[in-house]
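The lines below spell out each chain.
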Amino acid sequence: MTSTRNALYLQDAHTITEAVGFTQYAEEHGFEAVWQADSRLVREASVPMAAFAATTSRIKVGAGVIDIWSRNAARLASMFSTLDDLAPGRIICGLGAWWDPLAAKVGISRARPLGAMREVTAVVRALLANENVTFHGEHVHLDDVELDYVYQERRPKDVPIYIGATGMKMMELTGEIADGVVLNYLVSPDYNSRAMEALERGAAKAGRSVDDLDRPQLVVCSVHEDRATALDMARNMVTQYLGQQPHIMKASGVPDSLLEDVGNVLTWPATAEQVEAASRLVPDDIVQMLTASGTPAEAREAVDGYLANGATCPILYPLGDVHAMIDAFAV
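Keep in mind that this is a model prediction, so the values were computed, not measured.

1. A closer look at the pairing of strand S5 (residues 91–96)
Then step 1. Along S5, six of the six residues are buried, which leaves the element largely enclosed by surrounding structure.
Then step 2. Going residue by residue along S5, you find Ile91, Cys93 and Leu95 tucked away on one face and Ile92, Gly94 and Gly96 tucked away on the opposite face as well.
Then step 3. Relative to S5, strand S4 (residues 66–67) runs parallel, the two sharing two bridges. Opposite Ile66, over in S5, you have Leu95 as the bridge partner.
Then step 4. In this view, the connection linking S4 to its parallel neighbour S5 by way of helix H3 (residues 73–86) has right-handed handedness.
Then step 5. Sheet analysis places S5 next to strand S8 (residues 161–165), joined by four bridges and oriented parallel. Bridge pairing links Gly94 to Tyr162 in S8.

2. Digging into helix H14 (residues 322–329)
Then step 1. Every buried residue of H14 is accounted for by Val322, Met325, Ile326, Ala328 and Phe329. For H14, the angular spread of the buried residues around the axis is 155°, confining them to a single face.
Then step 2. Where H14 is buried, its residues meet strand S1 (7–10), helix H1 (16–28), strand S10 (216–223), helix H13 (296–307) and strand S12 (313–319).
Then step 3. The opening residue of H14, the one whose side-chain oxygen lies 3.0 Å from the backbone nitrogen of His323, is Asp321.

3. Some words on the packing of aromatic side chains
Then step 1. One pass over the full model with this rule turns up four aromatic pairs.
Then step 2. Taking the centre distance of 5.6 Å and the plane angle of 20° together, the rings of Tyr185 and Tyr317 count as stacked. One end of the pair, Tyr185, is in the loop between strand S9 (180–183) and helix H7 (189–205); the other, Tyr317, is in strand S12, and 132 residues separate them in sequence.
Then step 3. In this structure Tyr317 comes out as buried when scored by relative accessible area, which is 7%.
Then step 4. Through successive ring pairs, a cluster of aromatic residues spans Tyr9, Tyr185 and Tyr317.

4. Points about empty space enclosed by the protein
Then step 1. If you walk through the whole model with that rule in mind, you get one cavity of 30 Å³ or more.
Then step 2. Reported here for the largest cavity is a volume of approximately 60 Å³.
Then step 3. Lining the largest cavity are Tyr9, Leu10, Gln11, Asp12, Ala13, His14, Ala19, Arg43, Tyr317 and Pro318.
Then step 4. Within the residue set of the lining of the largest cavity, elements represented by two or more residues are S1 and S12.
Then step 5. Among the residues forming the lining of the largest cavity, the class breakdown is six nonpolar, two polar and two charged.

What counts and what doesn't
Residues numbered from 1 in each chain as written. Predicted model: local features only at pLDDT ≥ 70, side-chain atom pairs only at ≥ 80, totals over all residues. Heavy atoms only, no water. Buried < 20%, exposed > 50% of the residue type's maximum accessible area, 1.4 Å probe, protein only. Helix = DSSP H or I, 4+ residues; strand = E, 2+ residues; numbered from the N terminus. Pairing = 2+ DSSP bridges. Right-handed = clockwise from strand over helix to strand, strands pointing away. Arc of directions from axis to C-beta. Contact = heavy atoms within 4.5 Å. Polar contact = N/O pair within 3.5 Å; in protein donor to acceptor, adjacent residues only side chain to side chain. Phe/Tyr/Trp six-rings, centres within 6.5 Å; stacked < 30°, edge-to-face > 60°. 1 Å grid on protein atoms, 1.4 Å probe; cavity = no way out; pocket = protein on both sides within 12 Å on 5 of 7 lines; lining within 4 Å. Points joined across faces, edges and corners; volume = space filled by probe spheres on them. Nonpolar A, V, L, I, M, F, W, Y, C, P; charged D, E, K, R; others polar.

Structure (structure tokens):
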């Protein structure tokens, strides 16, 4: 059941010039989208998104994802409106609730993230639909606000809103209010079954089905003809998440004892030496459970596991040779 839909995921492992080349290569090989994250405090998403949009003609460009705290709702709407001006109909707005300790370290409390996500999503959608918005919520306050176009066509912007959800309460909210969900990476396929149930509960509140939502999923993908090499390339990424985002790992069934052992080695931000030391604690079966790693055939088989459990399109996060990974999934 290998997907005919594939997408590429980029963070900050490559220069933007290199990432543009990868995006063009992915477009040439049938990939439908490229997603760029706000990557920690290293890379801000809108600049590479604009570069990708300006140098391609067909591939969609998604924010996968950006936080709802550091840009207010009006600025989020104007950002995505601007990107749509560059690539009409090809931009996807992906929103997320961010994570600690990073948010706390920059003075953001992330209080009541479900309420904040509901308000931000409603307001961004209304502004992109060319509506005049007055809104006084707990998190969002707008008085007589619209995207005040003066020198361009005033039109609704075709920008769907996806939410990057991990916890089941956010997943349920996503099913209720979003056009799609960006399912997280470094989770086991079994995690997806609970996510689908939560999305279905939320969708029912809006009188629809989980099948009415697009459900692309981030998948860490390490491809090499030598299986051991592929697993080793993925191990450091897995290790960082075990130490720094244990809530995601717990959701996937990683043993608490391993999380504790890795957490005792890693700090935030982690040094390369700490990651290397902690990675020696992480066995192959955990790497395989959380990623699509191995030979090209093994990677495709692992991706099929996510598709069989509710994902609609893999968003492939390449480790190692990006061109080889794109070749392995070309349609």
